[in-house]
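Residue strings, one per chain:
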Amino acid sequence: SCTVAPLEEVDKASGSTGTDSGPVGAAGSAGGLRTLVVQQTSLERPRETWSKKVDFLLSVIGYAVDLGNVWRFPYICYQNGGGAFLLPYLLMAVFGGVPLFYMELALGQFHHSGCISIWKHICPIFKGIGFAICIIALYIAFYYNTIMAWALYYLLSSFQSTLPWSTCTNSWNTANCNQYMSTDHNVTWSNTSTSPAEEFYVRQVLQVHRSPGLHQLGSVSWQLALCLLFIFTIVFFSIWKGVKTSGKVVWVTATFPYLVLLVLLIRGATLPGAWRGVVFYLKPDWEKLLSTTVWIDAAAQIFFSLGPGFGVLLAFASYNPFHNNCYKDALITSSVNCLTSFLSGFVIFTVLGYMAEMRQQDVDAVAKDAGPSLLFIIYAEAIANMPAATFFSIIFFLMIIMLGLDSTFAGLEGVITAVLDEYPHVLVKRREKFVFGLVCVCYLGALSTLTYGGAFVVKLFEEYATGPAVITVVLLEVIAVSWFYGTKRFCNDIQVMLGFYPGIFWRVCWVAICPCFLLFIIISFLAFPPEVRLFSYHYPLWTTALGYCIGVSSFICVPTYMIYCLIVTKGTFKQVCVPHPAFLVSFIDGFPQIQYLSSVLSFNIPPFLRDYLLSECFLFLRSV
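Computed from a predicted structure; not experimentally measured.

A. Representation of the overall build of the chain within the structure. A tally of regular secondary structure across the chain gives 28 helices and five strands. Expressed as a percentage of the 624 residues in the chain, the buried residues total 53%. Partitioning the intrachain contacts of the chain with sequence separation of at least 6 by distance along the chain shows that 82% fall at a separation of at least 24. Split by element, the accessible area of the chain, about 28200 Å² in all, is 66% carbon and sulfur.

This is how it looks when you write it as structure tokens:
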């Protein structure tokens, strides 16, 4: 905008002669009244943007495609009916995962804010959601990067002619160590026998035999501490300058895993017995669909795979141009994520079929372990028995590190964007120092996972500390956006930004289906809590309570901030807590179903009269 004023008045006010040069234009005729045109300049620092659209897409894909796509989806798929599992998985993706994914991209792009400051535009009393997201992201950083440190240990150990987990002649091996491939003759396998790959993982990398449990974790493994330090060094120099640098790094970290997956798929398909693993992976068991567990696993898998609610999608989308087509981006990136999970299943199960053929066992007996054990024991052992084992071991564990790195970039960038947007005058010019401090905090917080009992801590964080908390936070986020901010207003924002109004499918998903989707996961988790164990260690009851306490420590930010808002807001308790009658009208406008029902019940009453009657009803309720 600009202002126009007589030059004589401006000169009198400023003491200027009117001859100074600057962003001022003067015009007028001889003897007439001259005017000044002053252009208003914003004092706010322009927001950083992605260098290219592809940088954004690769960053989102790299965040969504993580280690869980490689081990969790294949295991859950075969455990829940094979090919039949794809039906509930796709239904949960269409009606739950993708709408949440689209909603967060649209919110971040429209408001250009992180997960904390965005609530001043939506519903300020829910600002605690942003703080809870940041705490959850820190908890994830405490244990997620440790898995990459394990992979780095394997990578460094791979630069040998004979892989150390392929023989039983090492210092860490026990008398129970047996190589039981079909090429090894005169080997007697018993229930107490262990493979060399299992002993390398358990006794050399993790060293869990030195810790009796969570009550006595033991010392920090200096080898893993150095590996994790190297991982965090890469993370720091990749994100310290913002999306300009991380957007370039993901060109490697997001694309290299696909190249390795393709190589491993071709290699796995040529192995003897590979077809057994593929049949076991995809053979449909339609009776499984009658089990509630299958639908619970499908909902949880698609939610944690796409990753809404971690503040990352809000942060990444906030650096987009205002009119970027985030609707198209949501469809592309979520589709790539689901297809990658499906592809990784072939990569894993062709090798498991080969292992079953070599051991002369069923695939079910080989693929009995989920989680990191599937990669660090079963898959590592299969690689050790392939020709060119060193080459395949190097590219495989390099792929694991790449998959973890871009997810770490994204998780920390979500925290960085949120805090910098909330305190811009203090931290924007000190981004490098803040990022360095954040990385140091994450490294110190991860030290407990580097101890001899660190694997027990990783499992505890993964099962209890982050999962239930983030689902609850996302449920509140959807309710705040759809019910309090209003679906109608949110859709109007999308129309201004993209040029089209979201269809009825998306509106119904945001208002009703997504909250039900999230409630379904929460209730199922509470009704069927997982039995947590790792190797031969069964987690005692007090560790379950500890895990829930860690989870609540993040979620508690939401009600705490609400109470804080009620305390600092001026007015009586009744004035603060009881909404204005106009709130009812805007609240109902957010619900297409209730809005339609009210229009039917009003028998064509004019809208202004309907709103007046609703306001009067609400005033009556308020007085009561």
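Here the narrative resumes.
B. Structural view of the packing of aromatic side chains. This model, assessed by the stated rule, comprises 56 aromatic pairs. Note on Y201 and F535: the rings are 6.2 Å apart at their centroids and 70° apart in plane angle, and the pair reads as edge-to-face. Taken together, the positions of Y201 in helix 7 (residues 196–206) and F535 in the loop between strand 4 (533–534) and strand 5 (537–538) put the pair 334 residues apart, joining distant regions of the chain. Overall, the relative accessible area of 27% leaves F535 in the partly exposed class. An aromatic cluster is present here, built from W150, Y153, Y154, W165, W172, F200, Y201, F376, Y379, F396, F397 and F535 joined pairwise through their rings. Between the NZ or CZ atom of R210 and the centre of the ring of Y452, over which it lies, the distance is 5.1 Å. When the ring centre of Y485 is taken as reference, the NZ or CZ atom of R489 above it lies at 5.0 Å.

C. Quick look at the packing of helix 6 (residues 128–157) against helix 16 (residues 372–384). With their axes 11 Å apart at the nearest point, helix 6 and helix 16 run at an angle of 10° to one another. Between helix 6 and helix 16, the crossing angle belongs to the class labelled roughly parallel. Crossing of helix 6 over helix 16 shows right-handed handedness. Mapping the contact onto sequence places I147, W150, A151 and Y154 in helix 6 and P372, F376 and A380 in helix 16. Looking at the contact of helix 6 with helix 16, its residues break down into seven nonpolar, no polar and no charged.

D. Quick peek at a nonpolar patch on the surface. On the surface, L87, L91, V94, F95, W286, I504 and F505 cluster together to form a nonpolar patch covering roughly 630 Å² of accessible area. When residues of the nonpolar patch are traced back to their parent elements, those giving at least two are helix 4 (86–111) and helix 22 (504–527). Mapped onto the elements, F95 comes out in helix 4. Classification of F95 by relative accessible area gives partly exposed; the value is 34%.

E. Local environment of the pattern of salt bridges. This structure, assessed with the given rule, holds eight salt bridges. Two residues, K127 and E422, come together in a salt bridge whose shortest N-O distance is 2.5 Å. Of the two residues, K127 sits in the loop between helix 5 (119–122) and helix 6 while E422 sits in helix 17 (residues 389–422), which places them 295 residues apart along the sequence. A relative accessible area of 16% places K127 in the buried class. K241 is the partner of E432 in a salt bridge, and the nearest nitrogen-oxygen pair spans 3.2 Å. Placement of E432 in helix 19 (residues 431–445) and of K241 in the loop between helix 8 (222–239) and helix 9 (243–253) is noted, with a sequence separation of 191 residues between them. For K241, a relative accessible area of 41% gives the class partly exposed.

F. Looking closely at the packing of helix 6 against helix 20 (residues 454–465). Relative orientation of the contacting elements helix 6 and helix 20 amounts to 135°, with a least axis distance of 10 Å. In terms of orientation, helix 6 lies oblique with respect to helix 20. As helix 6 packs across helix 20, the resulting crossing turns out to be left-handed. Together, Y139, Y143, T146 and W150 of helix 6 and A455, V458, F461, E462 and A465 of helix 20 make up the contact between the two elements. Tallied by class, residues from the contact of helix 6 with helix 20 come to seven nonpolar, one polar and one charged.

G. Quick look at the UniProt feature "binding site: Na(+)" (unreviewed entry) in the chain. Feature annotation in UniProt assigns "binding site: Na(+)" (unreviewed entry) to the following positions: G62, A64, V65, N69, S305, N337, L403, D406 and S407. In summary, the annotated positions, though distributed over 346 residues, converge in three dimensions, the widest C-alpha pair being only 14.0 Å. Mapped onto the fold, V65 is located in the loop between helix 2 (53–64) and helix 3 (67–79). With residues up to four places along the chain from it excluded, the contact list for V65 reads Y258, N337, T340, L403, D406 and S407. Mapped onto the secondary structure, S305 falls in helix 12 (residues 292–306). Setting aside residues no more than four positions away along its own chain, S305 makes contact with A64, N69, Y89, N337 and S341.

H. Structural view of the state of the cysteines. One pass over the structure, following the stated rule, counts one disulfide. For C168, the disulfide goes to C177, at an S-S distance of 2.0 Å. What sets the handedness of the C168 and C177 disulfide is the S-S torsion sign, and at about -70° it is left-handed.

Calculation criteria
Residues numbered from 1 in each chain as written. Predicted model: local features only at pLDDT ≥ 70, side-chain atom pairs only at ≥ 80, totals over all residues. Heavy atoms only, no water. Helix = DSSP H or I, 4+ residues; strand = E, 2+ residues; numbered from the N terminus. Buried < 20%, exposed > 50% of the residue type's maximum accessible area, 1.4 Å probe, protein only. Contact = heavy atoms within 4.5 Å. Areas by Shrake-Rupley, 256 points an atom, 1.4 Å probe, with all protein chains shown as cover. Phe/Tyr/Trp six-rings, centres within 6.5 Å; stacked < 30°, edge-to-face > 60°. Lys NZ or Arg CZ within 6 Å of the ring centre and 35° of its normal. Axes fitted to C-alpha atoms, helices over the stretch in contact; angles between N-to-C directions. Parallel < 35°, antiparallel > 145°, perpendicular 65-115°, else oblique. Left-handed = near helix turned anticlockwise from the far one by under 90°. Nonpolar A, V, L, I, M, F, W, Y, C, P; charged D, E, K, R; others polar. Patch = residues over 30% accessible without salt bridge, like charges linked within 9 Å, V, L, I, M, F, W, Y side chains within 5 Å. Salt bridge = Lys/Arg side-chain N within 4 Å of Asp/Glu carboxyl O. UniProt positions renumbered as here; feature names shortened; annotations may be inferred. Disulfide = S-S within 2.5 Å.

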